[in-house]
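These are the residues of each chain, in order.
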Amino acid sequence: DLDRFKTVNDRFGHLVGSRVLRELGGLLQDSVRAIDTVGRYGGDEFTILLVDTGLDGALSVADRIRQSVASHSFGAERGLDLRLTVSVGVATFPTHGDSRERLLDLSDKAMYLAKANGRGRYELFEPRMLESVVGRLGLQSDLRRALENPDSRELLLDYQPIVELATQRVVGVEALLRWDHPVQG
């Protein structure tokens, strides 16, 4: 996934964005062997299938891609010098999954962890990533339930004064919505 790609489209337009994606596709193709497959998965996401490649080889390719993109000047033929980074997620067959759908899903989760950990990096899928996703989905579901059921009294509105330190005068108020989760507290 190309980090902060939306900024490229917003600042320079979708035509430049499309050219950046073509350049990225070329860089990715140059980073793998002829027997490997590079495909645009959607938006600014690409997927790469490395044939007969073990974990160490996959991580080496991920790092090569990361370095190649970080050192590349995108848009140079148009007088631009766009410096971009990628976040890469890695999942391997059969260790992490035994179908393309499963491997895509797990590598996607690893890619989002790479983004969360600072972008411009790669992450290998680990089972704990699933626990994190399941936990977030559970919390989202619980919060939705609390919002839809005001009688549960899980959501509490508090007001807190804003005090000017120099004069000790109350200059405003902020509203805080607190969630008293029935299990989490």
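Here the structure is a predicted model, which means the values were calculated and not measured.

Cut-offs and rules
Residues numbered from 1 in each chain as written. Predicted model: local features only at pLDDT ≥ 70, side-chain atom pairs only at ≥ 80, totals over all residues. Heavy atoms only, no water. Helix = DSSP H or I, 4+ residues; strand = E, 2+ residues; numbered from the N terminus. Contact = heavy atoms within 4.5 Å. Pairing = 2+ DSSP bridges.

J.: Explain the side chain of T92 residue by residue, including any values.
T.: Relative to the elements of secondary structure, T92 occurs in the loop between β3 (88-90) and α4 (100-116). Once residues lying within four places of it in the same chain are set aside, the contact partners of T92 are L55, A58, G97 and L103.

J.: Account for the pairing of strand β2 (residues 45-49), with residues named and values stated.
T.: As judged from the five bridges shared by strand β1 (residues 37-42) and β2, these two strands associate in the antiparallel manner. Looking at β2, one finds that G39 is bridged to T47. Once β1 ends, the chain turns through two residues before running back antiparallel as β2, passing G43 with a positive phi of about 55°.

J.: How would you summarise the pairing of strand β6 (residues 169-179) if you had to cite specific residues and measurements?
T.: Bridge count for strand β5 (residues 155-164) against β6 is ten bridges, and the pairing is antiparallel. Within β6, the residue paired with D158 across the bridge is L176. Once β5 ends, the chain turns through four residues before running back antiparallel as β6, passing Q168 with a positive phi of about 60°.

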